[in-house]
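# A look at the structure
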2 protein chains.
Amino acid sequence: MDTNTGTAESTGADSAPLVGPLAGLLVLDLTHVLNGPFGTMMLADLGARVIKIEPPGGGDDTRTYGPFLGDTSLYFAFVNRGKESIVLDLKAEADRAVFLDMVRRADVLAENFRPGVMARLGFAYEDLARINPRLVYASSSGFGQTGPLAAAPAYDTIIQAMSGLMSMTGFPEGPPTRVGTSLSDLLGGLHMFAGIAAALYARERTGRGTHVDVSMFDATLAFLEHGAMEFTATGHALGRIGNRHPFLAPFDLYACADGHIAICCGNDHLFGALCAVLGRPELSDDPRFRDNSSRVAHVDALKAELETDLARRPAQHWLEAIHAAGVPVGPLLDVTQALSQPQVAARNMLVEAGGIAMPGTPLKMAGYPDPHVRAGAPGLDADGARLRREFAGMGKPGEAP
Amino acid sequence: MDTNTGTAESTGADSAPLVGPLAGLLVLDLTHVLNGPFGTMMLADLGARVIKIEPPGGGDDTRTYGPFLGDTSLYFAFVNRGKESIVLDLKAEADRAVFLDMVRRADVLAENFRPGVMARLGFAYEDLARINPRLVYASSSGFGQTGPLAAAPAYDTIIQAMSGLMSMTGFPEGPPTRVGTSLSDLLGGLHMFAGIAAALYARERTGRGTHVDVSMFDATLAFLEHGAMEFTATGHALGRIGNRHPFLAPFDLYACADGHIAICCGNDHLFGALCAVLGRPELSDDPRFRDNSSRVAHVDALKAELETDLARRPAQHWLEAIHAAGVPVGPLLDVTQALSQPQVAARNMLVEAGGIAMPGTPLKMAGYPDPHVRAGAPGLDADGARLRREFAGMGKPGEAP
């Protein structure tokens, strides 16, 4: 693997563009808040030129969202690194001309307005494909561009609730539980990125762009896994099962003297090794625990037995001993501990963008840079004057990017 | 949007290949269990030809995993639809020749072995790039191909624990909570798909393939959102906050007489509208609730007030009334209810593959088919004899697919 992790290749918005796998692409980014910007940030991370087009009156709302570092909104900074910014009034004739010149030369347009908004501006896919048939036009929305809920307002919490995901997360005796991150928003953005990349490949073969239509709702449904399997197998909903695995045991989070560890035994051999480390070899002969299906049937009793032993020593002791026995194990960490692990630095998963520490890109590719120091998020209209000169409304229809 | 949702285009593994955006691509799929197969299924969904190469002695372990529908493992079926299957012993000379002939003609190779396994077989990226420089070689693993944890065993529960995600999910007074789906596994697979698609685009421009190196760990870190922001803002970990939003209120799940609904008020105007619907207009003048920051400061009192009113009527009543007032709202649904919504059918998000109902693809693209009836997952070695004739070890290095 010759990915150049940890190498500083870019130090600010004005430095030379990265030579990433998406270098040379021009992206018009009309997205705002979270899901769209997350997807277009991935395009910028891989070297595309991303121009964020913001509305008059303050731009993207998240510029005012906390948490803050000094005057800087981290919410905005975390999903807009490496982009340029221009304020355009898409209802004003002069700005529409600038925008249409951009469209003629662009490879990708991304938007996450409520379905219908772009059409009312005269910028539906069909409108823009007419002046640039190679355009990959991506729409990310709550429920998608079609169907009875297309126009419904969608926030992450509503999508998590309506997709069934909340009903599956949490403990049998506890309430349905939201994933502690805006999962459906981020899944919408990641699918948008993936769809754009696939559509760009297809465009190279066919010469034609397309309209990529992704939604937070669809993206979350695709992630239901066991919940959807149970629906197909039985027609019933899978109840909440806390942190354990539906079909394997022990496969859960367990309390030690001073914290929790995750232990995952996928077979009898590993369970035997675990019992030996705990000094309880007889447990693997206990008829309740003799094979995996018995252990699943007695999963609460099994957990009680294991935690009796685990409670005698701190987590660090057990992590080392269980790992040494070849049994899959890992610590429960909070985010501060998680991001401080040497593995995070080794993978360049905490980068500095505009001087701000934030998660890096999970897409590592041999032969392409993965800079540790990256361009930050742009100030509002920071590139406006320069971009207005570059896109002066003089482009010809169909002009190649 | 002219995506042909709901149209039957394919009725079995032997029918004509779909003409998707990835049509014409040949993918060698050495992945197993969950994360890799989920990613390569997305390639098949978009029209790539995916050949699943399985080991002797039963093939992919998940063929024996529950839940079952008749004799069919739904676990296997849900992430292997539309693929072909051949059993190859990659340590036996004759089968290695078949495999290498496939490599010469392939566009993509995907694997999710523990790092080092492919190299020991003589099939590291560098080995295969020598005979096919255009190959996009994708590796998905628990912690990545590099770093001190590269060789550590990783299961979804361990990654959720070590990434900080579990520590952020759940209630302040409750335990850290696993997301009720194998989120880290699926995120690894989705990132693998996204990386492959971006690398294929780059290959069309440069003529060169690459090694895509993604991990479940990196993929989960990229999704930490507020947790990572808090780390950067304060150096401290964000505690668990249940189902509410860290900076907005009311923005949570609320109990009605017979179930829960999600209500999301992002501003004072929406909160006023909500209070009016509840017949409690005076609430929006209460000094505790007058603006968003006051509401966040008194979030528990606010929830108690709202639930007092909501408890008087069933969820369906409130859904209609609150929606009619223009306030974002949605029902809490279990998976059976979620998958039965008309929106799911309208978006073709519950397809039939090999006669089995399962979630469809979230990547909808105008001009490309999105068939409702799809080829199912292959029987073990179902395509072996035909594939052995097709890839007879006679291919020339560098031969185009």
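It should be noted that the structure appears before, not after, this text.
Residues numbered from 1 in each chain as written. Chains lettered and ligands numbered in written order. Predicted model: local features only at pLDDT ≥ 70, side-chain atom pairs only at ≥ 80, totals over all residues. Heavy atoms only, no water.

## A few points about the overall build of chain A
For chain A, the count of helices and strands is 17 helices and 17 strands. Along the three orthogonal principal directions, the C-alpha set of chain A runs to about 80 × 50 × 45 Å. Residues classed as buried in chain A amount to 60% of the 401 residues present. When contacts within chain A are restricted to residue pairs at least 6 apart in sequence, long-range pairs at least 24 apart make up 69% of them. Looking at chain A as shown, the accessible area adds up to about 13,700 Å², and 53% of this sits on carbon and sulfur atoms. (Helix = DSSP H or I, 4+ residues; strand = E, 2+ residues; numbered from the N terminus. Buried < 20%, exposed > 50% of the residue type's maximum accessible area, 1.4 Å probe, protein only. Contact = heavy atoms within 4.5 Å. Areas by Shrake-Rupley, 256 points an atom, 1.4 Å probe, with all protein chains shown as cover.)

## Things to note about the environment of Arg-114 of chain A
All names here are of chain A. Summarising the element assignment, Arg-114 is placed in the loop between strand 7 (108-111) and helix 4 (117-120). For Arg-114, a relative accessible area of 46% gives the class partly exposed. Taking C-alpha positions, Arg-114 is 23 Å from Asn-132, a pair spaced 18 residues apart along the chain. Those residues in contact with Arg-114 that lie beyond four places of it in its chain are Ala-151, Ala-152 and Pro-153.

## Brief notes about the packing of aromatic side chains
Residue and element names in this part refer to chain A. Within the structure shown, the criterion is met by twelve aromatic pairs over all chains. Measuring from ring centre to ring centre gives 4.6 Å for Phe-99 and Phe-123, while their planes differ by 50°; the resulting arrangement is tilted. Here Phe-99, found in helix 3 (residues 93-105), pairs with Phe-123, found in the loop between helix 4 and helix 5 (125-131); they are 24 residues apart in sequence, far enough to count as distant. Each member of the pair, Phe-99 together with Phe-123, is buried. Aromatic side chains Tyr-125 and Tyr-137 sit 5.7 Å apart centroid to centroid with 75° between the ring planes, which places their arrangement in the edge-to-face category. A residue pair is termed long-range when its members are at least 10 positions apart, and Tyr-125 in helix 5 and Tyr-137 in strand 8 (residues 136-141) qualify at twelve residues. Note on accessibility: Tyr-125 and Tyr-137 belong to one class, buried. Its end group placed over the ring of Tyr-254, Lys-303 keeps NZ or CZ at 5.6 Å from the ring centre. (Phe/Tyr/Trp six-rings, centres within 6.5 Å; stacked < 30°, edge-to-face > 60°. Lys NZ or Arg CZ within 6 Å of the ring centre and 35° of its normal.)

## Side note on the pairing of strand 9 (residues 210-215) of chain B
For strand 9 of chain B, a buried count of six out of six residues is recorded, marking the element as mostly surrounded by other parts of the structure. Alternating positions in strand 9 of chain B separate into two faces, Thr-210, Val-212 and Val-214 of chain B on one and His-211, Asp-213 and Ser-215 of chain B on the other, with burial throughout. Pairing analysis gives two bridges linking strand 15 (residues 364-365) of chain A to strand 9 of chain B, with the strands arranged antiparallel. For Met-365 of chain A, the partnering residue across the bridge sits in strand 9 of chain B and is Val-212 of chain B. Here strand 8 (residues 136-141) of chain B runs beside strand 9 of chain B; their pairing, made up of six bridges, is parallel. From the neighbouring strand, Tyr-137 of chain B faces strand 9 of chain B, where its bridge partner is His-211 of chain B. (Pairing = 2+ DSSP bridges.)

## Some details on the sheet that holds strand 10 (residues 251-255) of chain A
Residue and element names in this part refer to chain A. If you walk across this open sheet you meet the three strands as 10-11-12, and the pairing is antiparallel. Every other strand in the sheet has two partners, leaving strand 10 and strand 12 (329-331) as the edge strands with one partner each. Averaged over all neighbouring strand pairs, the angle between strand axes comes to 25°, with direction disregarded. Pairing of strand 11 (residues 260-264) with strand 12, which is carried by three bridges, proceeds in the antiparallel orientation. In the sheet register, Ile-261 faces strand 12, and the bridge partner there is Pro-331. With respect to the sheet, helix 13 (residues 299-310) is in contact with strand 10 and strand 11, its orientation differing from that of strand 10 by roughly 40°. (Axes fitted to C-alpha atoms, helices over the stretch in contact; angles between N-to-C directions.)

## Description of unusual backbone geometry
Gly-66 of chain A connects to Pro-67 of chain A through a cis peptide bond whose omega is 0°. Along the chain, Pro-67 of chain A turns up in the loop between strand 3 (49-54) and strand 4 (68-69). In the Ramachandran plot, Glu-225 of chain A falls in the positive-phi region, its phi being about 50° despite a non-glycine side chain. Positionally, Glu-225 of chain A belongs in the loop between helix 9 (216-221) and helix 10 (226-234). Residue Asn-348 of chain B is not a glycine yet carries a positive backbone phi of 55°.

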